[in-house]
Amino acid sequence: MKNIRIYHPEKYNNSDEYIPVEPDIYKTISKNVSSGLSLSEVTDKELAEKLKALDGWEKGTGELECRFMKLNYEGKRYYIDTDSHPDMVMISMDDIEKPIYVTSLMFEQEPEYDENDPSDAEISQYPLEDILDKFFCMCEDWYDDENESDPVNSYMEFSSDDIEDIKSLLSIVGKHVYNKEDGDYVILAIE
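Residues numbered from 1 in each chain as written. Predicted model: local features only at pLDDT ≥ 70, side-chain atom pairs only at ≥ 80, totals over all residues. Heavy atoms only, no water.

(A) Representation of the overall build of the protein. Looking only at helices and strands, one finds 5 helices and 13 strands in the protein. Computed over its C-alpha atoms, the radius of gyration of the protein comes to 21 Å, more than 25% above the 16 Å expected for a compact globule of 191 residues. In terms of its C-alpha atoms, the protein occupies a principal-axis envelope of roughly 60 × 45 × 30 Å. Counting every position in the protein, which comprises 191 residues, the buried fraction comes to 38%. (Helix = DSSP H or I, 4+ residues; strand = E, 2+ residues; numbered from the N terminus. Rg over C-alpha atoms; globule rule 2.2 N^0.38 Å. Buried < 20%, exposed > 50% of the residue type's maximum accessible area, 1.4 Å probe, protein only.)

Set out below in structure tokens:
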């Protein structure tokens, strides 16, 4: 990755969803949807008892949900594992709102470092995966439209629940980031 710069997408402008907290860093609510079934226990005992007493629980469908009873209540999905934990009410992690911090970067991919061609809409797994690991971040938005229409630049929104991780990530702006061999290992180089 070279020519790494801050990207200011339109969604950050005049939006109640994205609150600027530092230059080029915004606070928002996570919208990351998992492809699996990730659950967390409802720790509010009063709410759990209220939910268990409600009518409308039905057998879950699909490969992952089939062992649970599920209930949609006030816009959220709740589950009970009637076989293993019949007294525990769980909520889908996709329905738990949590604040996160985001920033967006644009950069050029470098085929000479085994990255995709800049005209390719797909962003190479490496060094992106190593950047995510080093700075404890996740990909929040892939900017599909921008990546498909721009034959030179790639676009990515990064997120973390810790603003310090995003501040650290911004240290790569203006730098050259790539993977290089170091003996028997491949390491992330930031120059």
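(B) Expanded view of the nonpolar core. One finds L128, I131, F158, L169 and I172 to be the most contacted residues of the largest nonpolar core, which totals 21 residues. Breaking this core down by element, the ones donating at least two residues are β9 (99-108), α3 (128-135), β11 (154-160) and α5 (163-169). The leading source of residues in this core is α3, at 4 residues. If we ignore the near neighbours within four places in the chain, the residues touching I172 are I4, L105, I131, F135, V177 and I190. In this structure, L71, Y73, V89 and I91 belong to the second largest nonpolar core, which totals 10 residues. (Core = buried A, V, L, I, M, F, W, Y, C linked by side-chain atoms within 4.5 Å. Contact = heavy atoms within 4.5 Å.)

(C) Representation of the sheet that holds strand β4 (residues 39-41) in the model. The 5 strands are arranged β4-β8-β7-β6-β5 in an open sheet whose pairing can be described as antiparallel. Taken across any chain shown, the strands that pair with only one partner, and hence form the sheet edges, are β4 and β5 (58-59). Sheet topology places β5 next to strand β6 (residues 69-73); 2 bridges connect them, and they run antiparallel. Following the sheet pairing, K59 is matched in β6 by M69. Strands in contact with helix α1 (residues 45-53) are β4, β6, β7 (76-81) and β8 (85-92); relative to β8, the strand with the most contacts, it is inclined by about 105°. (Pairing = 2+ DSSP bridges. Axes fitted to C-alpha atoms, helices over the stretch in contact; angles between N-to-C directions.)

(D) Expanded view of the pattern of salt bridges. Scanning the model with the defined rule gives 8 salt bridges in all. Linking E41 and K45 is a salt bridge whose minimum nitrogen-to-oxygen distance equals 3.6 Å. According to the relative accessible area criterion, E41 is partly exposed, its value standing at 37%. The exposure class assigned to K45 is exposed, which follows from its relative accessible area of 54%. Of the charged contacts in the structure, one is a salt bridge between K167 and E164, with a shortest N-O distance of 3.2 Å. With K167 and E164 both in helix α5, this residue pair falls 3 residues apart, about one helical turn. Take E164: its relative accessible area is 43%, and that puts it in the partly exposed class. Salt bridges linked by common partners bring K11, D141 and E157 together as one network. (Salt bridge = Lys/Arg side-chain N within 4 Å of Asp/Glu carboxyl O.)

(E) Just unusual backbone geometry, in detail. Note that the residue after Y126, namely P127, is joined by a cis bond; omega there is 15°. Unusually for a residue other than glycine, N3 sits at a positive phi of about 55°.

(F) Local environment of the environment of M88. As for its placement among the helices and strands, M88 is situated in strand β8. Excluding anything up to four places from it in sequence, M88 contacts E41, Y79, I80 and D81.

(G) Looking closely at the environment of L105. Here L105 lies in strand β9. It is 41 Å that separates the C-alpha atoms of L105 and F68, two residues lying 37 residues apart in sequence. Each residue touching L105, except ones within four places of it in the same chain, is listed here: I4, R5, I6, Y7, S154, Y155, M156, F158, L169, L170, I172 and V173.

(H) Fine view of the side chain of D150. Within the element layout of this structure, D150 appears in the loop between α4 (144-149) and β11. For the buried D150, no salt bridge is present, and the opposite-charge side chain at shortest range is R5, 6.2 Å distant. (Lys, Arg positive; Asp, Glu negative; His and termini not counted.)

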